[in-house]
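Tertiary structure, described
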Amino acid sequence: MSNPVVVATPTDMQRWSRGHRAAGRRIALVPTMGALHAGHLELIRQAHSVGDVVVVSIFVNPLQFNRSDDFDAYPRPLDTDLDACRLAGVDAVYAPGERAMYPTGFQTHVVPGALAQHLEGEFRPGHFEGVTTVVAKLFGAVAPDVAVFGTKDYQQLAIVRRMVRDLDMGLEIVGVPTVREHDDLAMSSRNRLLTEHDRAAAVCIPQMLAALDTAVRAGQTSVSELVELGRDLLAREPRARVEYLSIVEPDTLEEMQTVGPRAVALVAAWFGSVRLIDNRELTAPADARG
Ligand code: AMP
C-alpha cells in the first residue's frame, strides 16, 4: 500500500482533484474529524466502491463545537489516522489547519433550515450551521462526485442531503449504516473518552433502541408510549443522563403520534462528561400501522 498524499490547503486540494477529474476519475470524499475507527473504515470501504479515487478529510471543525471543553478534549491522533488511511488504500488525506480553513476575514456561513432546528439543533446551538459550512467548504476544496456519510449522525445526513439539493451542489450523497462494538454500542471517536464504568453503562442506549424495535414489531405504535418505555429503560441506568429521546419521520424529522411505515428513534445522553448519540429505524408490521 502506498502512502496517501497529504494535502493541507484548499488550493492544493483543488489542484489534486482537477488532475484526477481531467483523467476521468470519479472522486469519492469521506469527511471526518479523525480519530478513525471501524465506522470510518466502513465509510472508506464504501467510498472505494462508488469512486475511483478516495479522499478522506480530517479536520476537527471548531465551528461545529458549541462547547470549548469538547473541542479541546476531542482526540487528534493524526499519525495513527494516516496509517489507517494508508492501510485502507486512501489516495489523499485532506488535513487542513484551522488557518487554512478559516483565515482572517472569514465570514460566510451556510445556514440550514427547519431540519436543523430540533433534536441535536436544540441542544447544540450553532452545531449544524458549523457542519453545513464546513461540509460546503470541503465540497468546494475536494469537488467530489460522491460523498459518504454515516447514518450514525442521522440528522446531519438529512441536513447535508437537503443542502446538496437546495444549493444545487450536484454530487451524490451515500449513507452508510452504523458500525457497532461487540455489545452494540455505536462506534464513536468519543467512546475512548468514556471511563470504564461509563463505557459499560453506555450499552443501555443500544439496548433501549432494540427494546423499542421489539415493541414496535410486537404491534406498539403509540409514539408517546414508546418514548415512555425508552425513558423508563434509560432511567434504570443511573450513569445515563438523557437529553432527548424522540421518534420522528425519517425524511422530515418531524414528530409523529403513531409509528407509520417508517420511523426513526433518535437519542442523546450523557455519560459523565461525554455526550453520545445513537438512532435506530423502527418498522411497524404491516397490519399494525396507524
Ligand atoms: P466524525 O469523525 O465523528 O465527524 O464522523 C465522520 C463520519 O463518520 C460521519 O459521516 C459519521 O456519521 C460517520 N460515522 C461516525 N461513527 C460511525 C459509525 N459507528 N458507523 C458508521 N459511520 C460512522
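Our subject is the structure that appears above.
Residues numbered from 1 in each chain as written. Predicted model: local features only at pLDDT ≥ 70, side-chain atom pairs only at ≥ 80, totals over all residues. Heavy atoms only, no water.

Opposite charge on two side chains permits pairing when their charged atoms draw close. Considering all chains together, one arrives at 17 salt bridges under this definition. For aspartate 70, the salt bridge identified is with arginine 190, shortest N-O distance 3.0 Å. Placement of the pair is aspartate 70 in helix α3 (residues 68-73) and arginine 190 in the loop between β6 (172-176) and α9 (196-201), with a sequence separation of 120 residues. The pair formed by aspartate 70 and arginine 190 is uniform in burial state, with each residue classed as buried. With its nearest N and O atoms 3.0 Å apart, the salt bridge here joins aspartate 278 to arginine 180. With aspartate 278 in strand β9 (residues 274-282) and arginine 180 in the loop between β6 and α9, this pair connects stretches of sequence that are 98 residues apart. For aspartate 278, a relative accessible area of 3% gives the class buried. For arginine 180, a relative accessible area of 28% gives the class partly exposed. If you follow the salt bridges from partner to partner, you end up with Arg67, Asp69, Asp70, Arg124 and Arg190 in one network. (Salt bridge = Lys/Arg side-chain N within 4 Å of Asp/Glu carboxyl O. Helix = DSSP H or I, 4+ residues; strand = E, 2+ residues; numbered from the N terminus. Buried < 20%, exposed > 50% of the residue type's maximum accessible area, 1.4 Å probe, protein only.)

This part covers the layout of surface pockets. One number sums up the size of the second largest pocket: a volume of about 260 Å³. Lining the second largest pocket we find 13 residues, and of these Leu157, Ala158, Arg161, Pro250 and Asp251 sit closest to its centre. For the lining of the second largest pocket, the element with the highest residue contribution is helix α8 (residues 154-166), accounting for six residues. (1 Å grid on protein atoms, 1.4 Å probe; cavity = no way out; pocket = protein on both sides within 12 Å on 5 of 7 lines; lining within 4 Å. Points joined across faces, edges and corners; volume = space filled by probe spheres on them.)

As a further point, take unusual backbone geometry. Despite not being glycine, aspartate 184 shows a phi value in the positive range, around 80°. Examined against the element boundaries, aspartate 184 turns out to sit in the loop between β6 and α9. Backbone geometry places leucine 253, a non-glycine residue, at a positive phi of 60°. Tracing the backbone shows leucine 253 in the loop between β7 (240-248) and β8 (263-271). Since its relative accessible area comes to 0%, leucine 253 is described here as buried.

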